Amino acid sequence: MRATTIHAPYDMRVEDVPEPVAQLPTDAVVRVLRACICGSDLWAYRGEAARQPGQRIGHEFLGVVEETGSDVSTVRRGDLVVAPFMWSDGVCDYCREGLTTSCVHGGFWGAVGYDGGQGEAVRVPFADGTLVQLPKEAASDDHLLSSLLTLSDVLGTGHHAALGAGVRPGTTVAVVGDGAVGLCAVLAARRLGAERIIALGRHQVRTDIARRFGATDVVAERGDAAVEAVRELTRGQGAHAVVEAVGTEQSMRTAVEITRDGGAIGFVGVPHGSGTGLDLSVMFDRNIALRGGVAPVRAYIPELLPDVLDGTVDASPVFDMTVGLEGVPDGYKAMDERTALKVLVTN
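Residues numbered from 1 in each chain as written. Predicted model: local features only at pLDDT ≥ 70, side-chain atom pairs only at ≥ 80, totals over all residues. Heavy atoms only, no water.

## What about the packing of helix α5 (residues 154–164) against helix α6 (residues 180–191)?
Where α5 contacts α6, the two axes come as close as 7 Å, and the packing angle between them is 60 degrees. On the basis of their axis angle, the class for α5 and α6 is oblique. In this structure, α5 crosses over α6, and the sense of that crossing is right-handed. Counted together, Val154, Leu155, Thr157, Gly158, His159 and Ala162 of α5 and Ala180, Val181, Cys184, Ala185, Leu187, Ala188, Ala189 and Arg191 of α6 form the full contact between these two elements. Among the residues making up the contact of α5 with α6, the classes are represented as 10 nonpolar, three polar and one charged. (Axes fitted to C-alpha atoms, helices over the stretch in contact; angles between N-to-C directions. Helix = DSSP H or I, 4+ residues; strand = E, 2+ residues; numbered from the N terminus. Parallel < 35°, antiparallel > 145°, perpendicular 65-115°, else oblique. Left-handed = near helix turned anticlockwise from the far one by under 90°. Contact = heavy atoms within 4.5 Å. Nonpolar A, V, L, I, M, F, W, Y, C, P; charged D, E, K, R; others polar.)

## Some points on the sheet that holds strand β4 (residues 55–56)
An order of β2-β1-β4 is seen for the three strands of this open sheet, with the pairing classed as antiparallel. What marks the edges here is a single partner per strand, and that holds for β2 (11–16) and β4. Of the strand pairs in this sheet, strand β1 (residues 2–8) and β4 are connected by two bridges, and their pairing is antiparallel. Residue threonine 5 lies in a different strand from β4, and its bridge partner there is arginine 56. Each of β1 and β2 is contacted by helix α12 (residues 328–336), which is oriented at about 160 degrees to β2, the strand it contacts most. (Pairing = 2+ DSSP bridges.)

## Some thoughts on the pattern of salt bridges
Side chains that carry opposite charge are capable of pairing whenever their charged atoms lie near each other. One pass over the full model with this rule turns up 21 salt bridges. With its nearest N and O atoms 3.9 Å apart, the salt bridge here joins lysine 136 to aspartate 79. Of this pair, lysine 136 sits in the loop between β10 (132–134) and α4 (142–149) while aspartate 79 sits in the loop between β5 (61–68) and β6 (80–83), and the two are 57 residues apart along the sequence. Judged by its relative accessible area of 48%, lysine 136 is partly exposed. The exposure class of aspartate 79 is buried, given its relative accessible area of 5%. Between aspartate 178 and arginine 338 there is a salt bridge; the shortest N-O distance is 4.0 Å. With aspartate 178 in the loop between β11 (172–176) and α6 and arginine 338 in the loop between α12 and β18 (343–346), the pair connects residues that are 160 residues apart, well separated along the chain. One network of salt bridges, in which partners are shared, links Arg2, Asp16 and Glu326. (Salt bridge = Lys/Arg side-chain N within 4 Å of Asp/Glu carboxyl O. Buried < 20%, exposed > 50% of the residue type's maximum accessible area, 1.4 Å probe, protein only.)

Right, here's the structure in full:
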């Protein structure tokens, strides 16, 4: 079959690789219908996250079950399923507590020796704990498939950020970052009842999506100017709930400075380039809470799925470029050059 591999910084290839098979009784094989490129994939693309030459890549996909191991009971051949961006057994202490990303048997798609989502098919470990069944009729609805695909990562990650920030009805929310996750955090904040949502971003195409998703205000400034603008919008107090969806030292510093005393920051931006770190004394003095991390999206899918199916929540506008599998290297280039927000891959 064909699958995306990474060989060196900026060297993405679509190559012939062995067809996956169920190796263990708990495995399933999923034929991929839709996948996508994540902003976090760009760290490997740019050489800022180490990968072995020829390693597979991609962690967001949905498709049709093609084969199951003898112990798999929750899905069967022909089922349409979505996979969260990490696999998990569903039964360990962490999984039972909803923290599937800490599963003692869990792992990440594209890890050495495992399939990546940007290919024709994927071997899925612990299929019962990992895969979520979708209505079969969705397979013939292109728009719905795109919306459902966001459950594999960005929608659940945005939701995780909003929960970490303590978004609830009546709150004022600020979202730092106008990438796909930040935009999904805007959508999640609206779903959770935020009264006011301030989106921080400089790219009009993206901030237009933010407004479509529920942002009431847009702040295009950065650094001190952004802090001043947010405080001006909030009577000098800042936002009750702040989402940090970038991961840089500057973005986290901005998040702290625009948080209202007694508020909280939900951070989901993958940390990179941090030098001096946070000044905890500032957070201590102002009673600012910090929650977040890797989003356990598997635990959120059952809650979010009904809203996606009925159209109440539709994050598909984050996909602004579509390629076939052979066009994946072009998709990486477009996202790296910021000519695309998030690339959809169709099989």
